[in-house]
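# Survey of secondary and tertiary structure
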Amino acid sequence: MSFKLATRLSFKKGIMDASPVLLEPIMNVEVTVPDQFMGDVMGDFNSRRGRIMGMEAHGKLQVVKAQAPLAEMFRYAIILRSMTSGEGTFSMEYSHYEEVPADIAKKVIAAHKKEDEEEE
Amino acid sequence: MGARQPENTRSFALCAHGGAGKTSLAEAMLFCNGQTTRMGVVQNGNTVSDFQSEEQKRQISISTSLLTLERKGKMLFALDAPGFADFTGEMSAAIRVADTAVILVSAVGGIEVQTSRAWEYAEHHNAPVTFYISKMDRENADFDKVLADIKDQFSPNALPVFLPIGSAEKLKGIVDVIKNKAYLYNLDGTGKFTEAEVPADMADAAAKAHEALVEAAVEMDDELMEKYLEGESISDQDFIRTLKKAIASKRIMPVLTGSATQNVGVHQMLDFITDYFPSPVDIGAIEAFDGDNKVEVLPDVNAPFSALCFKVMVDPYVGKLSFIRAYSGTLSSEGTNIYNVKKGDDERISSFKLMCGKDGKDVKEIIAGDIVAIPKLQSTKVGHTLATKGGAGYLFPHIEFPKPVYSVAVVAKTRADEDKMGNAISKTLEEDRSLTFEKNPETHDNVLSGMGDMHIDIVLSRMKERYGIELETKTPQVPYRETIRKTAEAQGKHKKQSGGHGQYGDVYIRYSPLERGAGFEFVDSIKGGAVPNNFIPAVERTSRVHGVRSFSRLPGCRFQSRIIFWKLSRS
Ligand SMILES: Nc1nc2c(ncn2[C@@H]2O[C@H](COP(=O)(O)OP(=O)(O)O)[C@@H](O)[C@H]2O)c(=O)[nH]1
Ligand SMILES: [Mg+2]
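Predicted, not measured: the structure shown is a model, and the values here were computed from it.

### Notes on the packing of helix α8 (residues 236-248) of chain B against helix α9 (residues 266-276) of chain B
Residue and element names in this part refer to chain B. Running from N to C, α8 and α9 cross one another at 90°; their axes reach a closest spacing of 10 Å. By the angle class used here, α8 and α9 are roughly perpendicular. Mapping the contact onto sequence places I240, L243, K244 and I247 in α8 and F272, D275 and Y276 in α9. Looking at side-chain class alone, the contact of α8 with α9 contains 5 nonpolar, no polar and 2 charged residues.

Right, dumping it as structure tokens:
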């Protein structure tokens, strides 16, 4: 018991001294849309902390490859459908973890803090 | 029924953008064929196809319905597939198992997103296509424009077989350019018509359309083609023979038209389907696999029986129904079992059902080409190949469903709901192949994924209705992790003097980052024998548990770094 508590005390201090950061899953996203929606789709990725990795033309369709945090992608099926009047489709898979920007990490942690205190 | 032959079978999938009129057309077909005494209306929730309460509530089709029509000694199997984007998997499966894709395009709305998707699926499955320009009775109906768009966007092989006489409130009927006859209707929904000569002002257009069909049809026969090019006339018999061939091989994609709700042209459409749609024999061999070997399966009634399950419906009253398309052989329901080639299970058949919406009529024997339902099969799932034990040993390619793109976390409302959740979800998954369910190991969320918000919404209300279970949805949690960017050391000392018993623990731990993806590592670097070993596991366990919830204290957040435990002292 005492060692358990001692270990926790060490953790609290040690980790804060070691520049802790939050990591979040980043997804590989592939969006297929008709030409005229390219601009909208790419602009939208900017607003969801995404980055465009490449583009390819497939006949009348354009395939946009991008990476974006999972946290920003939960409603993408609905957003893409309304942005392209249903013509766009996409697929998404996990790529890797990346550091969450500090300002966003702060918000995420604050949002969960309350819940956590209730639990303890 | 006598000895039925696959030559006398027609199957087709009605597919289109949601709202183009598929369900209404199916309803009119049943009525015209004398199988119903009254035409149901989608808005009134009393059509044969839309029998599920969610369909009636929302006035849209959600899952594929099977309708069986008997006409002039032929069996017609119609699949009314849902049109909305959330259910494209159902549409693709319907096109896969039907011999013809009937693509409806509204004369008012024209080509829409899901129309193009239906076209793509028909191309993908290499299915013969017939277009139907619907709703000719509606204001602003424009047959010519929609026909031009179909030719332009899909294929120049789209050639009109029916032409509308008038449009909107002036719709009078249709001209059949093969027969060169007009069929005149009263716009009263009764479907009563009279045959007449082609109206004088349409004679040119009808003759031109007829000529276009002849010109394309004769391409199917070199000799006939030469005759035609030399200006000889082509007999009706030759024309009809080659026309059928041209339709089966997609050289001609007939364009039909009419109005479903006003019941105009539906009789002629049924006759056209019966007379000209390809039978399973015209479609010919279907591909299957025996191990790595390709097998060609022919619709031969004397060959070993084989079929593909393309839909499973779980109804709380009827129980489970497995929908199958037979590709070869003959199977009787008396005293036979059906063998699931994929699972190796032998299952008893109670009956075969010729379906019409939710109602089934028992039939003793099925043959290659039939589309029927079998009640109460246990292990058979969508995509499984069925045969008889020791018979056909091949497998049909699996039915592909689109991957889910929209996820929610579901939470049971009450303890009772939680107990029922597993069962309700597994039953729902069996029916709906574009749905997945998974417990996220990090966030512990129960994640339900589907094709869109409407899909998930329907799934949840159906579960509530059928299994009495209420689930709330939340945005899934992100499985965050944490790491540190530099090395730090920290001592942790716990000391408590309570009563006679003293508690004391003093540890020194070094925290250092690992490379990306390397996870968590606990290193015990205490020199052997310096401290009693039995304290070390306590430190390690706490490190791991604490590591999971450290600085951010986010649920399920895994901490990734190296923890070097290097000193421990005890008084
Ligand atoms: N005026 C008119 N309305 C139609 C016709 N066919 C369907 N509708 C209406 O269009 C709407 C959608 O029809 P429905 O059959 O459910 O289309 P589905 O989604 O393709 O099955 C309903 O309100 C129908 O009453 C038609 O031929 N004429
Ligand atoms: Mg419908």
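Let's pick the thread back up.
### Observations regarding a negative patch on the surface
Residue and element names in this part refer to chain B. Side chains of D222, E223, E226, E230 and E232 sit close together on the surface and give a patch of like negative charge. Locating E232 in the fold gives a position in the loop between α7 (222-229) and α8. In this structure E232 comes out as partly exposed when scored by relative accessible area, which is 40%.

### Looking at the pairing of strand β19 (residues 352-356) of chain B
Residue and element names in this part refer to chain B. Counted residue by residue, β19 has 4 buried out of 5 residues, so it is predominantly covered. Strand direction decides the pairing type here: β19 and strand β20 (residues 359-363), joined by 5 bridges, are antiparallel. Its bridge partner lying in β20, C356 is registered against D359. Turn length for the β19-β20 hairpin, with the two strands adjacent in sequence and antiparallel, is 2 residues, and the turn residue G357 shows positive phi of about 70°.

### Some details on the nonpolar core
If you look at the biggest cluster of nonpolar residues, it comprises 177 residues, and the most contacted ones within it are V31(A) and F131(B). Here this core gets 7 residues from one element, more than from any other, and that element is strand β14 (residues 306-315) of chain B. Apart from the residues lying within four places of it in its own chain, the contact partners of F131(B) are I103(B), V105(B), W119(B), I150(B), F154(B), A158(B), M253(B), P254(B), V255(B) and L256(B). With 14 residues, the next largest nonpolar core counts F11(A), V507(B), I509(B) and Y511(B) among its residues.

### Section: the coordination of the magnesium ion (ligand 2)
Residues and elements named next belong to chain B. Summarising the metal site, the magnesium ion (ligand 2) is bound by the protein donors T23 (OG1) and S61 (OG), whose distances to it range over 2.0 Å. Taken together, the positions of T23 in helix α1 (residues 22-32) and S61 in the loop between α2 (53-58) and β2 (65-71) put the pair 38 residues apart, joining distant regions of the chain. Each member of the pair, T23 together with S61, is buried.

### Considering the interface of chain A and chain B
When the parts of a complex come together, some accessible area is lost, and that lost area is often taken as the interface size. Between chain A and chain B, the contact holds 46 residues from the first and 57 residues from the second. For the chain A and chain B pair, buried surface summed over both sides reaches about 4,600 Å², with 65% attributable to carbon and sulfur atoms. It is F3(A), F11(A) and F74(A) that lose the most area in chain A upon contact with chain B, and together they represent 17% of the buried surface on that side. There are 2 salt bridges connecting chain A and chain B. Here R81(A) makes a salt bridge to D86(B), at a shortest N to O gap of 2.4 Å. One can count 14 residue pairs in polar contact (both at pLDDT 80 or more) joining chain A with chain B. Breaking the side of chain A that touches chain B down by element, the ones donating at least two residues are α1 (2-17), β1 (20-34), α3 (76-83), β4 (89-99) and α4 (102-119) of chain A.

### Focus: the sheet that holds strand β8 (residues 173-176) of chain B
Residue and element names in this part refer to chain B. Here 4 strands make up an open sheet; going across it, the order is β7-β8-β9-β10 and the pairing antiparallel. On the outer flanks of this sheet lie β7 (162-165) and β10 (193-196), each paired with one strand and no other. Here the strands of the sheet are splayed against their neighbours by 25° on average, with no regard to which way each runs. Where β7 meets β8, 4 bridges bridge the pair, whose relative direction is antiparallel. Across the sheet, the residue bridging to P164 is I174, located in β8. Against the sheet, α9 makes contact with β7, β8, β9 (181-185) and β10, and its axis sits at roughly 140° relative to β9, the strand it touches most.

### Notes on the sheet that holds strand β26 (residues 446-450) of chain B
All names here are of chain B. Within the open sheet, the 4 strands sit side by side as β25-β26-β24-β27. Their pairing is antiparallel. What marks the edges here is a single partner per strand, and that holds for β25 (436-439) and β27 (471-474). Averaged over all neighbouring strand pairs, the angle between strand axes comes to 35°, with direction disregarded. For strand β24 (residues 406-412) and β26, the ladder comprises 4 bridges, and the chain directions are antiparallel. Bridging across to β26, Y406 finds its partner in G450. In the packing of helix α11 (residues 415-431) onto the sheet, contacts are made with β24, β25, β26 and β27, and the angle to β25 comes to roughly 140°.

### Topic: helix α12 (residues 453-467) of chain B
Between its first and last C-alpha atoms α12(B) spans 21 Å; for 15 residues at 1.5 Å apiece the expected length is 21 Å, and the two agree. Within the sequence span of α12(B), burial applies to H455(B), I456(B), I458(B), V459(B), L460(B), S461(B), R462(B), M463(B), R466(B) and Y467(B).

Reading the values: rules and limits
- Residues numbered from 1 in each chain as written.
- Chains lettered and ligands numbered in written order.
- Predicted model: local features only at pLDDT ≥ 70, side-chain atom pairs only at ≥ 80, totals over all residues.
- Heavy atoms only, no water.
- Axes fitted to C-alpha atoms, helices over the stretch in contact; angles between N-to-C directions.
- Helix = DSSP H or I, 4+ residues; strand = E, 2+ residues; numbered from the N terminus.
- Parallel < 35°, antiparallel > 145°, perpendicular 65-115°, else oblique.
- Contact = heavy atoms within 4.5 Å.
- Nonpolar A, V, L, I, M, F, W, Y, C, P; charged D, E, K, R; others polar.
- Patch = residues over 30% accessible without salt bridge, like charges linked within 9 Å, V, L, I, M, F, W, Y side chains within 5 Å.
- Areas by Shrake-Rupley, 256 points an atom, 1.4 Å probe, with all protein chains shown as cover.
- Salt bridge = Lys/Arg side-chain N within 4 Å of Asp/Glu carboxyl O.
- Lys, Arg positive; Asp, Glu negative; His and termini not counted.
- Charge placed at Lys NZ, Arg CZ, Asp CG, Glu CD.
- Buried < 20%, exposed > 50% of the residue type's maximum accessible area, 1.4 Å probe, protein only.
- Pairing = 2+ DSSP bridges.
- Core = buried A, V, L, I, M, F, W, Y, C linked by side-chain atoms within 4.5 Å.
- Donors = N, O, S within 2.8 Å, 3.2 Å for Na, K, Ca; no water.
- Buried area = accessible area lost by both parts, 1.4 Å probe.
- Polar contact = N/O pair within 3.5 Å; in protein donor to acceptor, adjacent residues only side chain to side chain.
- Expected span 1.5 Å × (residues − 1).

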